[in-house]
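Analysis of the macromolecular model
Here are the chains, one letter per residue:
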Amino acid sequence: EAGVAQSPRYKIIEKRQSVAFWCNPISGHATLYWYQQILGQGPKLLIQFQNNGVVDDSQLPKDRFSAERLKGVDSTLKIQPAKLEDSAVYLCASSPQGDTQYFGPGTRLTVL
Amino acid sequence: GENVEQHPSTLSVQEGDSAVIKCTYSDSASNYFPWYKQELGKGPQLIIDIRSNVGEKKDQRIAVTLNKTAKHFSLHITETQPEDSAVYFCAARPGENTPLVFGKGTRLSVIA
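Presented here is a report on the structure given in the accompanying data block. What you see is a predicted model; the values in this text were computed from it and never measured.

**Describing the overall build of chain B**
- Summing up its helical and strand segments, chain B has zero helices and eleven strands in all.
- Beginning at the N terminus, the succession of helices and strands in chain B can be written as β-β-β-β-β-β-β-β-β-β-β.
- Taking 2.2 N^0.38 as the reference for a compact globule, 112 residues should give roughly 13 Å; the C-alpha atoms of chain B span a radius of gyration of 13 Å, in line with that estimate.
- Its C-alpha atoms give chain B principal-axis dimensions of about 40 × 30 × 20 Å.
- Of all 112 residues assigned to chain B, the portion counted as buried reaches 46%.
- By sequence separation, contacts in chain B at least 24 residues apart represent 53% of the contacts at least 6 residues apart.
- Element-wise, carbon and sulfur atoms account for 47% of the exposed surface of chain B, whose accessible area totals about 5,500 Å².
- Taken together, the 12 basic and 13 acidic charged side chains of chain B have centroids lying 4 Å from each other.

Put into structure tokens, the structure is as follows:
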């Protein structure tokens, strides 16, 4: 069974630029999560999707972050404009019924 | 909301010794407690989990114990090997189909 796929693996941008990350969850997994992991800390939820609907986006900085999951499969997370403090690893995870979560390798974002 | 505290932040053990990592949680409604291992440059990998109706679970050299009354759970790794070196995260799930709340991680070093 293929795991959660994410791209790109690394991204370096300057502040105020925009960036987008892509996630392809495990086939058949209805729930998809985006987490932000700052160096030295545990992952923190940004947004949770159930199929193509948003379940929880209470911790998403909506003035600059947006996410969508069209057709209930792939998802994209966008930051526009980026700030220095957005430097982190962005992890995508999926689960079949909101239980066990499986993580992708993450995208390491550096904002200069 | 849920808050998860994890100790210690770093742990060094000699190869063959045991390692214990402890976590406490605040929300008595939490019912699912996974442990993840994260190697450098990779996403978190689930290594074991426990649900609130069980007090202990083992999988070869890894075991997890849960004390619901005290609201704490622990990871035990026996006969440690150098490949066990990684950052370990505990997490708690406050309710059905809710996102995980992670601890800050423990960096385990197994010295050969």
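**Quick word on the pairing of strand 9 (residues 88-95) of chain A**
Residue and element names in this part refer to chain A.
- Counting buried positions along strand 9 gives eight out of eight residues, so the element sits mostly inside the fold.
- Burial of the side chains of strand 9 extends over both faces: Ala88, Tyr90, Cys92 and Ser94 are buried on one face and Val89, Leu91, Ala93 and Ser95 on the other.
- By the bridge criterion, seven bridges tie strand 4 (residues 31-37) to strand 9 in an arrangement that is antiparallel. Each bridged residue has a counterpart across the sheet, and for leucine 32 the counterpart in strand 9 is serine 94.
- Bridging between strand 9 and strand 11 (residues 107-111) involves three bridges; their strand directions are antiparallel. The residue of strand 11 that forms the bridge with tyrosine 90 is threonine 107.
- Alignment of strand 9 against strand 10 (residues 102-103), held across two bridges, turns out to be antiparallel. When the sheet's bridge partners are listed, serine 94 is paired in strand 10 with tyrosine 102.

**Quick word on the state of the cysteines**
Residues and elements named next belong to chain A.
- With the rule as written, the count across this model stands at two disulfides over all chains.
- Here cysteine 23 pairs with cysteine 92 through a disulfide, and the sulfurs are 1.9 Å apart. Judged by the sign of its S-S torsion, about -70 degrees, the bond between cysteine 23 and cysteine 92 is left-handed. Here cysteine 23, found in strand 3 (residues 19-24), pairs with cysteine 92, found in strand 9; they are 69 residues apart in sequence, far enough to count as distant. The residues cysteine 23 and cysteine 92 share a single accessibility class, namely buried.

Calculation notes
Residues numbered from 1 in each chain as written. Chains lettered and ligands numbered in written order. Predicted model: local features only at pLDDT ≥ 70, side-chain atom pairs only at ≥ 80, totals over all residues. Heavy atoms only, no water. Helix = DSSP H or I, 4+ residues; strand = E, 2+ residues; numbered from the N terminus. Rg over C-alpha atoms; globule rule 2.2 N^0.38 Å. Buried < 20%, exposed > 50% of the residue type's maximum accessible area, 1.4 Å probe, protein only. Contact = heavy atoms within 4.5 Å. Areas by Shrake-Rupley, 256 points an atom, 1.4 Å probe, with all protein chains shown as cover. Lys, Arg positive; Asp, Glu negative; His and termini not counted. Charge placed at Lys NZ, Arg CZ, Asp CG, Glu CD. Pairing = 2+ DSSP bridges. Disulfide = S-S within 2.5 Å.

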